[in-house]
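# Inside the fold
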There are 2 protein chains.
Amino acid sequence: MGKPPHTSYHSDPRVDALVDETIGRVADKWTLLVLEALEEAGEQRFSAIGRAVPGISQKMLTQTLRQMEREGLVTRTVHAEVPPRVEYRLTDLGHDLAEAFCGVWHWAERNIEKIEAARAAFDARK
Amino acid sequence: MGKPPHTSYHSDPRVDALVDETIGRVADKWTLLVLEALEEAGEQRFSAIGRAVPGISQKMLTQTLRQMEREGLVTRTVHAEVPPRVEYRLTDLGHDLAEAFCGVWHWAERNIEKIEAARAAFDARK
DNA sequence: CTGAATCCTACCTGATACTG
DNA sequence: CAGTATCAGGTAGGATTCAG
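Relative to chain A, chain B is turned by 180 degrees and slid 0.1 Å along the rotation axis, the superposed coordinates differing by an RMSD of 0.2 Å. Viewed as a symmetry operation, the transformation between the two copies matches a two-fold axis. The residues that chain B uses at the interface reappear at the interface of chain A in 100% of cases, marking a shared surface.

Right, let's get into the protein's contact with DNA strand C. For DNA strand C, the set of nearby residues contains 19 residues, the closest of which are Lys59(A), Met60(A), Ser47(B), Gln58(B) and Arg76(B). A breakdown of the atoms of DNA strand C within 4 Å of the protein gives sugar and phosphate a share of 60%. Between Arg45(B) and DNA strand C, the recorded distance is 3.1 Å, taken from a side-chain N or O atom to a phosphate oxygen. Phe46(B) is positioned such that a nitrogen or oxygen atom in its backbone is 3.4 Å from a phosphate oxygen of DNA strand C. Every element with two or more residues in the surface near DNA strand C is listed here: α4 (58–70) of chain A together with α3 (46–52), α4 (58–70) and β3 (85–90) of chain B. Considering every element that reaches the surface near DNA strand C, the biggest residue donor is α4(B), with 4 residues. Of the residues assigned to the surface near DNA strand C, the class counts are 8 nonpolar, 6 polar and 5 charged.

Right, let's talk about the protein's contact with DNA strand D for a bit. Every one of the 17 residues lining DNA strand D counts as a neighbour, but Ser47(A), Gln58(A), Arg76(A), Tyr88(A) and Lys59(B) are closest to it. Counting only atoms of DNA strand D within 4 Å of the protein, the sugar-phosphate share comes to 63%. Side-chain polar atom of Arg45(A) to a phosphate oxygen of DNA strand D: 2.8 Å apart, as the coordinates give it. At 3.0 Å from a phosphate oxygen of DNA strand D is found a side-chain nitrogen or oxygen belonging to Ser57(B). Every element with two or more residues in the surface near DNA strand D is listed here: α3 (46–52), α4 and β3 (85–90) of chain A together with α4 of chain B. Across the surface near DNA strand D, the residue classes break down as 8 nonpolar, 5 polar and 4 charged.

What follows covers the packing of aromatic side chains. Summed over the entire model, instances satisfying the criterion amount to 1 aromatic pair over all chains. Aromatic pair Phe101(A) and Phe101(B): ring centres 6.3 Å apart, planes at 85 degrees, arrangement edge-to-face. In this pair, Phe101(A) sits in helix α5 (residues 92–125) while Phe101(B) sits in helix α5 (residues 92–125), so the two residues belong to two different chains. Its relative accessible area of 2% is what places Phe101(B) among the buried residues.

Let's shift gears to the environment of Pro83(A). Residue and element names in this part refer to chain A. By secondary structure assignment, the location of Pro83 is in the loop between β2 (74–79) and β3. On the basis of relative accessible area, Pro83 is assigned to the exposed category, the value being 60%. Each C-alpha atom, one on Pro83 and one on Val53, is 23 Å from the other, the two residues being 30 residues apart in sequence.

A few words now on the pairing of strand β2 (residues 74–79) of chain B. For a regular strand, the rule is simple: side chains alternate between the two faces of the sheet. Residue and element names in this part refer to chain B. Direction of pairing for β2 relative to β3: antiparallel, over a ladder of 6 bridges. Paired with Thr75 across the bridge in β3 is Arg89. Between the antiparallel neighbours β2 and β3 lie 5 residues.

With that settled, the discussion passes to the nonpolar core. Counting 70 residues, the largest nonpolar core has Val34(A), Phe101(A), Trp107(A), Val34(B), Phe101(B) and Trp107(B) as the members making the most contacts within it. Once residues within four sequence positions are removed from consideration, Trp107(B) is found in contact with Thr22(A), Val26(A), Leu73(A), Leu93(A), Asp96(A), Leu97(A), Ala100(A) and Ile115(B).

Residues and elements named next belong to chain A. Here helix α2 (residues 29–41) spans 19 Å end to end across 13 residues, near enough to the 18 Å set by a 1.5 Å rise per residue. Counting buried residues in α2 gives 10 out of 13 residues, a clear majority hidden from the surface. Among the residues of α2, those classed as buried are Trp30, Thr31, Leu32, Leu33, Val34, Leu35, Glu36, Ala37, Leu38 and Glu39. In the segment just after α2, Gly42 is the residue with positive phi, at about 70 degrees.

Parameters at a glance
- Residues numbered from 1 in each chain as written.
- Chains lettered and ligands numbered in written order.
- Predicted model: local features only at pLDDT ≥ 70, side-chain atom pairs only at ≥ 80, totals over all residues.
- Heavy atoms only, no water.
- Least-squares fit on C-alpha atoms with pLDDT ≥ 70 in both.
- Contact = heavy atoms within 4.5 Å.
- Near = heavy atom within 4 Å.
- Polar contact = N/O pair within 3.5 Å; in protein donor to acceptor, adjacent residues only side chain to side chain.
- Helix = DSSP H or I, 4+ residues; strand = E, 2+ residues; numbered from the N terminus.
- Nonpolar A, V, L, I, M, F, W, Y, C, P; charged D, E, K, R; others polar.
- Phe/Tyr/Trp six-rings, centres within 6.5 Å; stacked < 30°, edge-to-face > 60°.
- Buried < 20%, exposed > 50% of the residue type's maximum accessible area, 1.4 Å probe, protein only.
- Pairing = 2+ DSSP bridges.
- Core = buried A, V, L, I, M, F, W, Y, C linked by side-chain atoms within 4.5 Å.
- Expected span 1.5 Å × (residues − 1).

Set out below in structure tokens:
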């Protein structure tokens, strides 16, 4: 493959593959959106996250949170109450990732007009 | 929804939705990997990108490049030759996005061990 | 070489029902 | 409330084949 020198400090292809794999698991729409919701509001319960991420199905929310928990991005705390209350919170690792993604959010905000224009031009050409 | 204050400078929900939509289109595995390949090697032809992104199918490469072209992230140059040569290059917009994603790459590199450990712990617990 | 077209599978999504 | 289970419909993605 040949991973970029400026992002790899060691040229171990095994590590490169792991980075790719990690990116693949972390760079999906729902993870990004959930990450952002938790970064903003801090510890939150299941349904609150669902409300903060419009369009996500309950199934995908569960699945995304499980995966994030598995990757060490969030902690899951079950309070032994009735009705049950489950709270999710970003770990330090998750918080760091959220910060890393901030740049992407800002890029998107800054460039909405350019993107819309590019799309319009592309669609008109076709 | 209530998009984070620290990422939104205007609280226009229409803009927030657009940002979400844009993130959704741009934050997928293949776009990220292709972006990185182009950022590293500069202008490149179709097959070279394919080689630089191991695991991508030709279909996904074509599709990803089309979408990136539509979003204004890359330019596509067809050289009238036999055999045909098509070269892709990042636009300024694409380059900016690549830089924004650098933080995520570095995060992944820095934290491979933590992620692997978290996963092992999670799987052992289950 | 580039990439469109096809087939086929796996997964996402939404809806609904059920548990602790 | 916070899930799990299931089913139907759609879509994304891989493999293969063919064309300019």
